[in-house]
Amino acid sequence: MLVFVLLSLALAYLVQTSNPLANLLETLFFFYLGIGGALIAIAGLLVKKGNFRIWYDLFASSALLAWFAYWKTLFNDDSPMFFFFPVYFASMSAFISLAFIGQCERLDNESLHYMRLLAGQKGLQPSIIMLGALGSLQLLDHYLVFPVLITLLLLRFALDSCVERNRGRNA
């Protein structure tokens, strides 16, 4: 999820330095670009074309772009969420990559079996989490729903990555 991490850090930097480029990212063009990219990512995951990592990265980056473009115009310019949420997203992505995805080879067969069962649960499918994250953009009074769903998506990405890495192993 390299693009997502870089975009998160870039947004945090632009907001912190009051860069005029942040004002450009608040336009409807970037909102629709983010929504379009997110919908393409959901469709890509559903038809299982290409590498799933690309679709996760495209969705997370697009949803972040849509969130920023839509919410930044509705809140005060000095609202700390536009700096802290992107930093949180980048930190959480790095932590999940190091702590979970990097340790996938050390899993025992029983843990791997349970991970495969968890990955198959209908309520935890990535497309459902993604649609929930997009829907949470409308929940302006509940501003923590979007970061919680993106965190859940990052955990689902780690789960899929571990299952994919250990696909050849018997469970």
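In what follows, the accompanying structure is described.

Conventions adopted
Residues numbered from 1 in each chain as written. Predicted model: local features only at pLDDT ≥ 70, side-chain atom pairs only at ≥ 80, totals over all residues. Heavy atoms only, no water. Helix = DSSP H or I, 4+ residues; strand = E, 2+ residues; numbered from the N terminus. Rg over C-alpha atoms; globule rule 2.2 N^0.38 Å. Phe/Tyr/Trp six-rings, centres within 6.5 Å; stacked < 30°, edge-to-face > 60°. Buried < 20%, exposed > 50% of the residue type's maximum accessible area, 1.4 Å probe, protein only. Salt bridge = Lys/Arg side-chain N within 4 Å of Asp/Glu carboxyl O.

## Things to note about the overall build of the protein
Summing up its helical and strand segments, the protein has eight helices and zero strands in all. The order of helices and strands in the protein, counted from the N terminus, is α-α-α-α-α-α-α-α. Whereas a compact globule of 171 residues would reach a radius of gyration of roughly 16 Å, the protein reaches 17 Å, a difference of no more than 12%. Principal-axis analysis of the C-alpha atoms places the extent of the protein at approximately 55 × 30 × 30 Å.

## Re the packing of aromatic side chains
Two aromatic rings are characterised by how far apart their centres lie and by the angle between their planes. Overall, the coordinates contain 14 aromatic pairs when judged by the stated rule. Arranged with centres 5.8 Å apart and planes meeting at 55°, the rings of Y88 and F89 form a pair that is tilted. Judged by relative accessible area, Y88 falls into the partly exposed class, the value being 32%. When its relative accessible area of 0% is taken as the criterion, F89 is described as buried. Site record: aromatic cluster; members linked through ring pairs are F4, W67, W71, F85, Y88, F89 and F146.

## Side note on the pattern of salt bridges
With the rule as written, the count across this model stands at one salt bridge. Between D160 and R156 there is a salt bridge; the shortest N-O distance is 3.1 Å. Of this pair, D160 and R156 both sit in helix α8 (residues 145-165), separated by four residues, roughly a single helical turn. Considered together, D160 and R156 belong to a single accessibility category, that of buried residues.

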